[in-house]
Structures are given as structure tokens and as C-alpha cells.
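Residues per chain are reported as follows:
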Amino acid sequence: MEQHFEIAPYEGAGPIKFRASRQDVEGVLGPPESFYRTDYPPRMGLSPIYEARYDSSNVNLAYDLDHKLNYICFNQHRTPFQGTVSFRGINIFEDNNAFLRLLEHDANPFEWVGFIFLMELGMRLEGFHSSSDSGLIVSLFERGRYDLKLQKLTPYQTNG
């Protein structure tokens, strides 16, 4: 089923909202193809989470240990994204200028280990500013998720 996901910074995307229960999200997307616990290495500074993978529709979600949604990831890797992901009229996966247009909405982008962080928008991007084996990925996160990493983020220098 093709869906439209309009990004609302630090709130969610379309009908999927941060802090929603697993049951509420599955009411929208159906059951995931896989669901498992992930423990990050201590150096990452991130709490353990549960990951839900919707491989057939290119969506990955993360829940905290209370099963509340705190991370949304849309990707266009091997197959086109099933639906649309947009932000203020920018079709993230179809607009060839999506990256530059997103930068217009965040005056202070950061870079860390190959990702671009748009902290004003609550987005982490991969593959938009450089080629990536992972394809195009836009991840949305709750406010505070990367606060412990802020000192490691470096300002992203645009070529314009």
C-alpha cells in the first residue's frame, strides 16, 4: 500500500508519530517483517532499542525499551521507496535537488561519520551529498537523540 509521509520535525512523518506505541504504528503499517532488540556498543552513547524492519516497503523503525517509537528511517536502496516522503513540498527521493532544498531549511548542518545531520529538522541524511552503497536514506529522530554526539559533529561545508 503506497503511503505519503509528510515530515514534521521532531514529531514524526505522516501518520507515524514519535512516542506512539508499537501497536499504534502497526495499526498504520501492519506487522514488521522482523522485530528485535539491539544493544549499541558503549562508545556509541545510545540506549538499547528495539528495531522493526519493513524490508518490503523500505522502512525501519526504532522503539525505546518501553516500546515507544523514537526513530524513523526511510531508504531507497535496492528498490524505489514505496510511497512518498516529503518535507514542505520537497519530495525527498524524487527531487534531484532535495538535498540543497533541505539545506535551505537548516542554516547549521553538521557532518559525522559520513552522515549529514540537520538538527533544526531532526533529520539524518545519507547518500544525498555523496554517493553511498546504502542508497538514499533519510532518518528522523526524537529531540535529544544525538545530544551526546554534538561535540563530535563538525559543521558541514556546502559548496555554495
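Residues numbered from 1 in each chain as written. Predicted model: local features only at pLDDT ≥ 70, side-chain atom pairs only at ≥ 80, totals over all residues. Heavy atoms only, no water.

(A) Spatial organisation of the overall build of the protein chain. A tally of regular secondary structure across the protein chain gives two helices and 14 strands. Put simply, of all contacts in the protein chain between residues at least 6 apart along the chain, 46% involve residues at least 24 apart. When the accessible surface of the protein chain is totalled, it reaches about 8500 Å², and 47% of it is carbon and sulfur. (Helix = DSSP H or I, 4+ residues; strand = E, 2+ residues; numbered from the N terminus. Contact = heavy atoms within 4.5 Å. Areas by Shrake-Rupley, 256 points an atom, 1.4 Å probe, with all protein chains shown as cover.)

(B) Focus on the sheet that holds strand β12 (residues 123-126). If you trace the nine strands from one edge of the open sheet to the other, you get β4-β5-β6-β7-β13-β12-β11-β10-β14, paired in antiparallel fashion. Only two strands of the sheet have a single partner each, and these edge strands are β4 (34-38) and β14 (154-155). For strand β6 (residues 59-63) and strand β7 (residues 69-76), the ladder comprises five bridges, and the chain directions are antiparallel. Across the sheet, the residue bridging to leucine 61 is isoleucine 72, located in β7. On top of the sheet, helix α1 (residues 22-29) reaches β4, β5 (49-54), β6 and β7; it is set at about 165 degrees to β6, its chief contact. (Pairing = 2+ DSSP bridges. Axes fitted to C-alpha atoms, helices over the stretch in contact; angles between N-to-C directions.)

(C) Representation of the nonpolar core. Ranked by size, the top nonpolar core spans 34 residues in total, and within it Phe74, Ile92 and Met123 carry the most contacts. Counting residues in hydrophobic clusters, the runner-up holds 13 residues, among them Tyr10, Trp112, Met119 and Ile137. (Core = buried A, V, L, I, M, F, W, Y, C linked by side-chain atoms within 4.5 Å. Buried < 20%, exposed > 50% of the residue type's maximum accessible area, 1.4 Å probe, protein only.)

(D) Focus on the pairing of β5. Counting buried residues in β5 gives five out of six residues, a clear majority hidden from the surface. Note: β4 against β5, five bridges, orientation antiparallel. The residue of β5 that forms the bridge with phenylalanine 35 is alanine 52. The pairing of β5 with β6 spans five bridges and is antiparallel. Looking at the pairing, tyrosine 50 lines up with tyrosine 63 of β6. Hairpin connection of β5 to β6: four residues between the antiparallel strands, including asparagine 58 at a positive phi of 60 degrees.

(E) Broad picture of the packing of aromatic side chains. Using the criterion set out here, one finds nine aromatic pairs in the structure. Both rings, one in phenylalanine 5 and one in phenylalanine 74, keep their centres 5.0 Å apart while their planes meet at 45 degrees; by these two values the pair is tilted. Of this pair, phenylalanine 5 sits in strand β1 (residues 3-8) while phenylalanine 74 sits in strand β7, and the two are 69 residues apart along the sequence. For the pair phenylalanine 5 and phenylalanine 74, one class covers both residues: buried. Each ring, one from phenylalanine 99 and one from tyrosine 156, has its centre 5.8 Å from the other, and the planes form 75 degrees; the classification is edge-to-face. Placement of phenylalanine 99 in helix α2 (residues 98-103) and of tyrosine 156 in the segment after β14 is noted, with a sequence separation of 57 residues between them. (Phe/Tyr/Trp six-rings, centres within 6.5 Å; stacked < 30°, edge-to-face > 60°.)

(F) Up close: the environment of alanine 107. Counting through the fold element by element, alanine 107 comes out in the loop between α2 and β10 (110-112). Exposure remark for alanine 107: the relative accessible area of 65% places this residue in the exposed category.

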